[in-house]
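One-letter residues, chain by chain:
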Amino acid sequence: MTAPYPTAPDSTAPIPTSRQRMSTARAMAARDLHAALLEAHRRGDAATLSRLYTDAADGAASEEEAGFFLTHAFVMALDAGRPEAKTLRARLVRMGRDTP
Amino acid sequence: MPDTATPIAAPLRGLPNAHYTDPALHRTEMQRLIQAQWAGLAVEADVPEPGDARPIDLAGIPLLLIRDRQGLVRVFQNICRHRGMILVSEPRKIEGAIRCPYHSWCYSTEGKLVATPHVGGPGRNAHPDIDRSLLGLIEVRSHLRFGVVWVNIDGAAPAFDVAHAGLLARWADFDRPWHHGGASSRFTLRLAANWKLAVENYCESYHLPWVHPGLNSYSRLEDHYDIVSEQGHSGQGSTHYRQLTGADGATFPDFPGLPSIWNQAAEYTALYPNVLLGVHRDHTFAILLHPQGQGATEEHVHIFYATPDVDPVLAAENAARWKVVFEEDIFVVEGMQAGRAAPGFDGGHFSPAMDGATRAFHAWAGARMNGGMHATASSAPGTDAGSDTGFPAMGISAAPDAAAP
């Protein structure tokens, strides 16, 4: 796996700006989440998938994206028999994305 | 009990070869003799706990056996209402919902459609044209009796208690909970033979001294009697049952309240179409015949006891003994299947004295293949009632109760 930036400080490289650092951190988080999702899918771990998709929805950049991730969080919670399914569906209903 | 055997007027000729070799007749048979009847699908013990699910194909139809959250045993067609995808492909525990592996439509263990992700577009999980309340799993009519889960796939047969009133009356003494003996009390045999041959062989005692010499050493041919009924079952009985005893002389507990006639009696009947049952004072068994195409059959054998906690060593020995007996029958049914490739075989010539129970099965099957009794009403739409079955040429009456001495 390629590191997102050099692991050893390079004194000749320009110092990243604050905005650049935040963008990199988000990208790292997204990559970590993506990897964790793939691993949970590989294991068929619906409970973990529900939690990760909920995290993804909570950090989504738009309501459209949040709706997509919440849908998956809800379905995986149903699959796993998790009590969170009820609240996740309620969120989707409030967003006009499901019916009670 | 021997005096309850009913003389029948079924013909002394057996079914023609085509009933064992012609795929078209096999398809009709699956509709009329399996789907339209109460067929044995599984045993209750296959799904002991809520959420336990087991996919089972019967008569070519994918079914899902499940124990729902309330503990009720249910059977569904094992398909998603969206695209017909198989929902559950191997036995497993359903922790929450039954989720289709294709587009993740989700169903409760009671069969209700509870989620339709993205059905209205990405992240939109409802659509006015998709009414979830109308799209639950398709439930198959089922009934629990003798530890067995019975299904009437086309939903049109008379109630189980009506359809099988004859055997239920005969075995009223055994109409009580049967406790599965556990893992050592189940085994599966695979036969390269049509399922009907297993029924036919099971029904009669004629073969016992030749095929089961071990049994015949203490239960002689003359100790057996025919059980011939026109109410969906036939078989044989023995008046010389001997209990299995452990090293310390222990035996299995008896079923409670049995009349003394059962002290030494045992009976073995096929409950048509596909379940072979045996009852003894201290144990019972059920053999579920699952056709795997026309020339192959799985026999799922399950042994039951009067109480849930029998001696496991003795139970294992009992199962091992029965397995020997049932394995001894394999070469016979496979040999008869192979023999049906011979064009000179004309259906055979039954013994007027010894083959009554098998003839009764043929008469039952013939009536339903010809569309008699409730078979016509419950046959699959579009099937031709009788003209292509080959039975009319045998002279079997379409009315199963029409046979007279």
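Residues numbered from 1 in each chain as written. Chains lettered and ligands numbered in written order. Predicted model: local features only at pLDDT ≥ 70, side-chain atom pairs only at ≥ 80, totals over all residues.

J.: Kindly report on the overall build of chain B, identifying the contributing residues and their values.
T.: In terms of helices and strands, chain B carries eleven helices and 18 strands. Long-range pairs, those at least 24 residues apart, make up 66% of the contacts in chain B between residues at least 6 apart in sequence. (Helix = DSSP H or I, 4+ residues; strand = E, 2+ residues; numbered from the N terminus. Contact = placed C-beta atoms within 7 Å.)

J.: Requested: an account of the overall build of chain A, with residues and values cited.
T.: Within chain A one finds four helices and zero strands. Along the chain direction, N to C, the helices and strands of chain A fall in the order α-α-α-α. Out of the 100 residues belonging to chain A, those deemed buried represent 29%. Long-range contacts, defined as pairs at least 24 residues apart, comprise 26% of the intrachain contacts of chain A with a sequence gap of at least 6. (Buried ≥ 20, exposed ≤ 12 C-beta atoms within 10 Å, placed from the backbone.)

J.: Go over the confidence of the model for chain A with me, naming the residues and quoting the values.
T.: Where the model shows low pLDDT, its predicted coordinates should not be examined in detail. Residue and element names in this part refer to chain A. Model confidence for chain A is summarised by a mean pLDDT of 84, while 73% of its residues fall at 70 or above. The secondary-structure element of chain A with the lowest mean pLDDT is helix 1 (residues 18–43), recorded at 80, while helix 4 (residues 84–94) shows the highest, at 98. This model gives residues 1–10 a pLDDT under 50, and the stretch forms four contacts once residues within four places in sequence are excluded. (pLDDT = per-residue confidence, 0-100.)

J.: Go over the sheet that holds strand 3 (residues 61–67) of chain B with me, naming the residues and quoting the values.
T.: All names here are of chain B. Taken together, four strands build an open sheet; the order of strands is 4-3-2-5 and the sheet is antiparallel. Every interior strand has two partners, whereas the edge strands, strand 4 (73–77) and strand 5 (92–93), have only one. Examined bridge by bridge, strand 2 (residues 52–58) and strand 3 share six bridges and lie antiparallel to one another. By the bridge assignment for strand 3, alanine 53 is matched with isoleucine 66. (Pairing = 2+ DSSP bridges.)

J.: Go over helix 2 (residues 46–58) of chain A, please, and point to the residues and values.
T.: The terminal C-alpha atoms of helix 2 of chain A, which comprises 13 residues, lie 18 Å apart, in line with the 18 Å expected from a rise of 1.5 Å per residue. Looking only at helix 2 of chain A, the buried set comprises Ala46, Leu49, Ser50, Leu52, Tyr53, Thr54, Ala56 and Ala57 of chain A. (Expected span 1.5 Å × (residues − 1).)

J.: How would you summarise the domain arrangement of chain B if you had to cite specific residues and measurements?
T.: Residues and elements named next belong to chain B. For chain B, the assigned domains are domain 1 (1–35 + 170–379) and domain 2 (40–142). Each of domain 1 and domain 2 has a C-alpha centre, and these two points are 33 Å apart. Listed by partner, the interface residues are eleven residues for domain 1 and six residues for domain 2. Every element with two or more residues in the side of domain 1 that touches domain 2 is listed here: helix 2 (23–35) and strand 17 (283–291). Counting residues per element, the side of domain 1 that touches domain 2 draws most heavily on strand 17, which supplies four residues. Of the residues assigned to the side of domain 1 that touches domain 2, the class counts are six nonpolar, five polar and no charged. (Domains from an automatic or database assignment. Nonpolar A, V, L, I, M, F, W, Y, C, P; charged D, E, K, R; others polar.)

J.: I'd love a proper account of the packing of helix 5 (residues 195–203) of chain B against helix 9 (residues 330–339) of chain B, names of residues and values included.
T.: All names here are of chain B. Following both chains from N to C, one finds helix 5 and helix 9 inclined at 130 degrees, their axes separated by 9 Å at the closest point. Looking at the two axes, helix 5 sits oblique to helix 9. For the pair helix 5 and helix 9, the sense of crossing is right-handed. Residues Leu197, Ala198 and Asn201 of helix 5 form the contact with helix 9, whose own contacting residues are Val332, Val333, Met336 and Gln337. (Axes fitted to C-alpha atoms, helices over the stretch in contact; angles between N-to-C directions. Parallel < 35°, antiparallel > 145°, perpendicular 65-115°, else oblique. Left-handed = near helix turned anticlockwise from the far one by under 90°.)

J.: Just give me the short version of the sheet that holds strand 10 (residues 148–152) of chain B, but keep the residues and values in it.
T.: Hydrogen bonding along the main chain pairs the strands of a sheet, whether they run parallel or antiparallel. Residues and elements named next belong to chain B. One open sheet accounts for three strands, arranged 1-10-9; its pairing is antiparallel. On the outer flanks of this sheet lie strand 1 (39–43) and strand 9 (141–145), each paired with one strand and no other. When strand polarity is set aside, the average angle formed by the axes of neighbouring strands in this sheet is 35 degrees.

J.: How would you sum up the interface of chain B and chain A? Please name residues and give values.
T.: Often the size quoted for an interface is simply the accessible area lost on bringing the parts together. On the side of chain A, 15 residues touch chain B, which itself brings 15 residues to the contact. Tallied by class, residues from the side of chain B that touches chain A come to seven nonpolar, five polar and three charged.

J.: For the environment of alanine 18 of chain B, give the residues involved together with the corresponding values.
T.: The residue alanine 18 of chain B is located in helix 1 (residues 18–21) in this model. Separated by 323 residues in sequence, alanine 18 of chain B and alanine 341 of chain B have C-alpha atoms that sit 9.2 Å apart.

J.: Can you explain helix 8 (residues 312–328) of chain B? Please cite residues and give values.
T.: Residues and elements named next belong to chain B. Helix length check: helix 8 (17 residues) gives 24 Å between terminal C-alpha atoms against 24 Å at 1.5 Å per residue, within 8%. Taken residue by residue, helix 8 has Leu314, Ala315, Asn318 and Ala319 as its buried positions. One side of helix 8 holds all its buried residues, which, seen down the axis, span an arc of 135 degrees. Exposed residues pointing more than 90 degrees away from the buried face of helix 8 are listed as Val313, Ala320, Val324 and Glu327. (Arc of directions from axis to C-beta.)

J.: Hey, could you go over the packing of helix 2 of chain B against helix 10 (residues 356–369) of chain B for me, with residue numbers and the actual values?
T.: Any two packed helices are characterised by the angle at which their axes cross and by the distance between the axes. Residues and elements named next belong to chain B. Two elements in contact, helix 2 and helix 10, have axes whose closest approach is 9 Å; the angle formed by their N-to-C orientations is 105 degrees. Taken together, helix 2 and helix 10 sit at an angle that is classed as roughly perpendicular. Across from Thr28, Glu29, Arg32 and Leu33 in helix 2, the residues of helix 10 making contact are Ala365, Arg368 and Met369. A breakdown of the residues in the contact of helix 2 with helix 10 according to their chemical character gives three nonpolar, one polar and three charged.

J.: Can you lay out the pairing of strand 16 (residues 275–279) of chain B for me, pointing to particular residues and giving the numbers?
T.: Residues and elements named next belong to chain B. Counted residue by residue, strand 16 has four buried out of five residues, so it is predominantly covered. The sheet contact formed by strand 15 (residues 266–271) and strand 16 spans five bridges and is antiparallel. Looking at strand 16, one finds that tyrosine 268 is bridged to glycine 278. What sits between strand 15 and strand 16 in their antiparallel hairpin is a turn of three residues. Looking at chain direction, strand 16 and strand 17 are connected through five bridges and run antiparallel. From the neighbouring strand, leucine 276 faces strand 17, where its bridge partner is isoleucine 287. A loop of three residues connects strand 16 with strand 17, the two strands running antiparallel in sequence.

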